[in-house]
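Chain residues, written in single-letter form:
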Amino acid sequence: MTAHIFNSRALRCEYVAPDTALPAGALGRVEFGRGARGDDDPRRVRVGLEALELPCWAEQWVSTRPVRSGRADGFGYSHDGEVLFGQIHLPEAELVDLERATLKLYVHIEQLLRKLGYPHCLRMWNFLAGINAGEGDHERYRLFSAGRSRALALKPDFEQRLPAATAIGMAEPGLVVYFLAGKQPGQPVENPRQVSAYRYPRQYGPRSPSFARATLIGAGADSRLLVSGTASVVGHESVHPGDPVLQLDETLRNFDALIDNALARHFGGLPRAAVHAESVKLYLRDPGLLPALRGQLTRLRGAGDVPLLVLHGDICRSDLILEAEAVFRIDAPL
Ligand code: 3EB
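Everything numeric here is computed off the predicted structure, so don't read it as measured data. (Residues numbered from 1 in each chain as written. Predicted model: local features only at pLDDT ≥ 70, side-chain atom pairs only at ≥ 80, totals over all residues. Heavy atoms only, no water.)

Peer 1: How would you summarise the environment of glutamine 160 if you had to cite specific residues and measurements?
Peer 2: For glutamine 160, the location among the structural elements is in the loop between α2 (140-152) and β10 (164-170). Separated by 145 residues in the primary sequence, glutamine 160 and tyrosine 15 have C-alpha atoms spaced 31 Å apart. (Helix = DSSP H or I, 4+ residues; strand = E, 2+ residues; numbered from the N terminus.)

Laid out in structure tokens, this is it:
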């Protein structure tokens, strides 16, 4: 089994100053904040979320292998023979029927990945304007989630092969999606404290959200755990409504449980000291909450000088006020 998993040692994620030039090995550069999408480099994508702390890092996915990039069907992409980075921005005019637009988008992503030879989606990021607008099952997040699920469910055994994901609301119109895919699959990892999102009960929408809690990629000392947007959810319920400090505490407990599960299942009980955060993002619904969370940010970043991006964005459930995601390196013997 291990022979067939994604074992690229060439891929890494780094946070860089946004005004630096793209290095030769750059697969993708994600910039945050408002402003023009002026550049036509297919590796660049801009997400309309404001950073609440400086510097406003750009997220950069870099390969040590030669990279080729291009455009097709509205997507920008680049790839190195093992992994592909892709991105697209859909204007609001194309989201009038949001469920159908998302269904079509995700079918197009699958088609692009098959055509280019990277059929295994590893990690998805989704940024949707007005994510909590609309009532009940007509909430925009639920429409998005239903369309995504209908597209991904076209694949056999899709629930066993879901990518890690993030879905955040932005103040700017439209939908921005960027993603990583592999020639080989990653390994989904679930969180024993949480019901798998793809098994959420009906109360959260007509179709359960299609994502895994994390994807494990790489090999040996270059193993990485790409952790999905993680919030104050225990079982399937949002806990600590209205309390940002307790929500962040619960989020950190979810990180810990997920990491422990990955170590137990895939690394034969390797000690926790082998795991290091490489980059962390915190999404906050209300910028005014940041001072209250200051004391917890050190824990969020873990040991060392891990870059942290704090972004102003809406969380997909109205009762969640924050969400965090991270890339962890697992220092495993080969
Ligand atoms: C949760 O645990 C919080 O729909 O892609 C987190 C990460 C959440 C990804 C998604 C939703 C998504 O249910 C919400």
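That was the structure; now back to the text.
Peer 1: For the sheet that holds strand β17 (residues 275-284), give the residues involved together with the corresponding values.
Peer 2: Across a sheet, paired strands are connected by hydrogen bonds in the backbone, their directions being either parallel or antiparallel. Across the sheet, 7 strands lie side by side as β4-β18-β17-β20-β14-β13-β12; this open sheet has mixed pairing. Either end of the sheet is taken by a strand with one partner, and the two such strands are β4 (50-51) and β12 (187-189). Examined bridge by bridge, strand β14 (residues 223-230) and strand β20 (residues 322-330) share 6 bridges and lie antiparallel to one another. Looking at the pairing, arginine 224 lines up with arginine 329 of β20. Strands in contact with helix α3 (residues 244-266) are β12, β13 (214-217), β14, β17 and β20; relative to β20, the strand with the most contacts, it is inclined by about 30°. Contacting β17, β18 (308-312) and β20, helix α4 (residues 290-301) runs over the sheet at an angle of about 160° to β17. (Pairing = 2+ DSSP bridges. Contact = heavy atoms within 4.5 Å. Axes fitted to C-alpha atoms, helices over the stretch in contact; angles between N-to-C directions.)

Peer 1: Please provide a residue-by-residue account of the sheet that holds strand β1 (residues 11-16), values included.
Peer 2: Sheet architecture is open: 4 strands sit in the order β1-β5-β2-β3, paired in mixed fashion. Taken across any chain shown, the strands that pair with only one partner, and hence form the sheet edges, are β1 and β3 (44-47). In this sheet, adjacent strand axes meet at a mean angle of 20° when their direction is disregarded. Looking at chain direction, strand β2 (residues 26-32) and β3 are connected through 4 bridges and run parallel. In the sheet register, arginine 29 faces β3, and the bridge partner there is arginine 44.

Peer 1: Any details on the site of the ligand? Residues and values, ideally.
Peer 2: Neighbouring the ligand are 13 residues, the closest being Tyr141, Arg148, Tyr200, Arg213 and Gly229. Contacts to the ligand include arginine 148, whose side-chain N or O atom sits 2.7 Å from an oxygen atom. The contact in question runs from an oxygen atom of the ligand to an N or O atom on the side chain of tyrosine 200, over 2.6 Å. Surface burial for the ligand is 99%, taken as the share of its 360 Å² of free accessible area covered by protein chains. When residues in the shell around the ligand are grouped by element, the largest group, 3 residues, is from β10. Tallied by class, residues from the shell around the ligand come to 8 nonpolar, 2 polar and 3 charged. (Near = heavy atom within 4 Å. Polar contact = N/O pair within 3.5 Å; in protein donor to acceptor, adjacent residues only side chain to side chain. Areas by Shrake-Rupley, 256 points an atom, 1.4 Å probe, with all protein chains shown as cover. Nonpolar A, V, L, I, M, F, W, Y, C, P; charged D, E, K, R; others polar.)

Peer 1: I'd love a proper account of the packing of helix α1 (residues 98-116) against α2, names of residues and values included.
Peer 2: Contact geometry for α1 and α2: axes closest at 7 Å, N-to-C directions at 40°. Helix-helix and strand crossings are classified by hand; for α1 and α2 the assignment is right-handed. Residues Leu98, Glu99, Thr102, Leu103, Tyr106, Val107 and Glu110 of α1 form the contact with α2, whose own contacting residues are Arg140, Leu143, Phe144, Ala146, Gly147, Arg148, Arg150, Ala151 and Leu152. Considered class by class, the residues forming the contact of α1 with α2 number 9 nonpolar, 2 polar and 5 charged. (Left-handed = near helix turned anticlockwise from the far one by under 90°.)

Peer 1: Mind laying out the pattern of salt bridges, listing which residues take part and the relevant values?
Peer 2: Counted by the stated rule, this structure contains 29 salt bridges. Salt bridges linked by common partners bring Glu59, Arg123, Lys281 and Glu325 together as one network. (Salt bridge = Lys/Arg side-chain N within 4 Å of Asp/Glu carboxyl O.)

Peer 1: Give a description of the packing of α3 against α4 that names residues and reports values.
Peer 2: Between α3 and α4, the shortest axis-to-axis distance is 10 Å and the interhelical angle comes to 10°. What the angle tells us is that α3 and α4 run roughly parallel. Residue-level contacts link Pro244, Val245, Leu248, Asp249, Leu252 and Phe255 of α3 to Ala292, Leu293, Gln296, Arg299 and Leu300 of α4. A class-by-class count of the residues in the contact of α3 with α4 yields 8 nonpolar, 1 polar and 2 charged. (Parallel < 35°, antiparallel > 145°, perpendicular 65-115°, else oblique.)

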